[in-house]
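Residue-level structure breakdown
Listed below, chain by chain, are the residues.
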Amino acid sequence: MCSGNICRSPMAEQLLRAGLNSYPGVSVGSAGTVGLVGEPMDARALDLATSFGVTDAATHVARELNEKQIREADVVFAMSREHRRAVVQLHPRASRYTFTIREFARIAAEITDADLTDAALLPGDDVAGRFAVAVDAAASLRGMVTPLQNADDDDVVDPYRRADEVYTLSGQQLVPAVQATLALFGRAATAV
């Protein structure tokens, strides 16, 4: 989730959906803290998403974040620490399963196979349970991994109405974080 739900969060949604589509029962959505409800994806963000292989970004329709969406989510990925705070203010219990996408990716790099042992104990078709183990592992390591020198490095820069270079930077920050997230979920899903 991001602010307007027309740039960063729809691209993250599309990339995560594409990467998780082989797992039954997994759904991915996005919303904005001040969602530009009903608006399509920003044209330059749409071009950027397409350049990363997203094929259905043109169908995106912005929506505004609400407490019910957060309550029903198993994990929430925010594009910035500001958005993470907004999620937790709406639903305080979400503090354990809400991360910025870059924070989650940074933590995921520290998660060992031993941290995913509980996933291996679950049936192979219990994807939700296996993914929950990965989220719990990340939550338990929050604050224990090497701290950032600059906290802003956990945020994905907002490109909206900015120069093309900022859109490019936003994508360069977002895509590796999504890839690291998908890699962790893949490890949890196949843990033995």
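Residues numbered from 1 in each chain as written. Predicted model: local features only at pLDDT ≥ 70, side-chain atom pairs only at ≥ 80, totals over all residues. Heavy atoms only, no water.

**Some thoughts on helix α1 (residues 8–20)**
Counted only if it meets this: Counting from the N terminus, the helices are the DSSP runs of H or I reaching at least four residues and the strands are the DSSP runs of E reaching at least two. By this rule, a helix spans an expected 1.5 Å times one less than how many residues it contains. Each residue is assigned to one of three classes by its accessible area relative to the maximum for its type, calculated with a 1.4 Å probe on protein chains only: buried under 20%, partly exposed between the two thresholds, exposed over 50%. In this description, contact between two residues means that some pair of their heavy atoms is separated by no more than 4.5 Å.
Its 13 residues give α1 an end-to-end C-alpha distance of 18 Å, which sits within 8% of 18 Å, the value for a rise of 1.5 Å per residue. Counting buried positions along α1 gives 10 out of 13 residues, so the element sits mostly inside the fold. Taken together, the buried positions of α1 are occupied by Arg8, Ser9, Pro10, Met11, Ala12, Glu13, Gln14, Leu15, Leu16 and Leu20. The inward-facing, buried residues of α1 contact α2 (43–51), β1 (76–78), α4 (81–90), α7 (127–141) and α8 (164–190).

**Looking at empty space enclosed by the protein**
The cut-off we apply is this: In the cavity and pocket records, a cavity denotes points on a 1 Å grid over the protein atoms alone where a 1.4 Å probe fits but cannot get out, a pocket denotes an open set with protein on both sides within 12 Å along at least 5 of 7 lines, and lining residues are residues with an atom within 4 Å of a point. Grid points are joined across faces, edges and corners, and a volume is the space filled by probe spheres set on the points.
Scanning the entire structure with this criterion turns up one cavity of 30 Å³ or more. Its volume calculated, the largest cavity comes out at about 30 Å³. Broken down by secondary-structure element, the contributors of at least two residues to the lining of the largest cavity are α1, α2 and α8.

**A closer look at the packing of helix α5 (residues 101–108) against α8**
Our working rule: To get an axis, a line is fitted to the C-alpha atoms, and for a helix only the part in contact is used. The angle between two axes follows their N-to-C directions and goes from 0 to 180 degrees. With respect to orientation, any angle under 35 degrees is reported as roughly parallel, any angle over 145 as roughly antiparallel, any angle of 65 to 115 as roughly perpendicular, and every other angle as oblique. By convention, the crossing between two helices is left-handed when the near helix turns anticlockwise from the far helix through less than a right angle, and right-handed when the turn is clockwise. Only Asp, Glu, Lys and Arg are considered charged in this grouping, and only Ala, Val, Leu, Ile, Met, Phe, Trp, Tyr, Cys and Pro are considered nonpolar; every other residue, Gly among them, is considered polar.
Relative orientation of the contacting elements α5 and α8 amounts to 50°, with a least axis distance of 8 Å. Considered as vectors, α5 and α8 are oriented oblique to each other. The element α5 and its partner α8 pack so that their crossing is left-handed. Between α5, through Ile101, Arg102, Phe104, Ala105 and Ala108, and α8, the contact on the second element is made entirely by Gln173, Leu174, Ala177, Val178, Ala180, Thr181, Leu184, Phe185 and Arg187. Of the residues in the contact of α5 with α8, the class split is 10 nonpolar, two polar and two charged.

**Digging into the packing of α1 against α8**
Taken N-terminus to C-terminus, the directions of α1 and α8 make an angle of 30°; their axes are 10 Å apart at the nearest point. On the basis of their axis angle, the class for α1 and α8 is roughly parallel. As α1 runs across α8, the sense of the crossing is right-handed. On α8, the residues touching Arg8, Met11, Ala12, Leu15, Leu16, Gly19 and Leu20 of α1 are Ser170, Gly171, Leu174, Val175, Val178, Thr181, Leu182 and Phe185. The residue makeup of the contact of α1 with α8, split by class, is 10 nonpolar, four polar and one charged.

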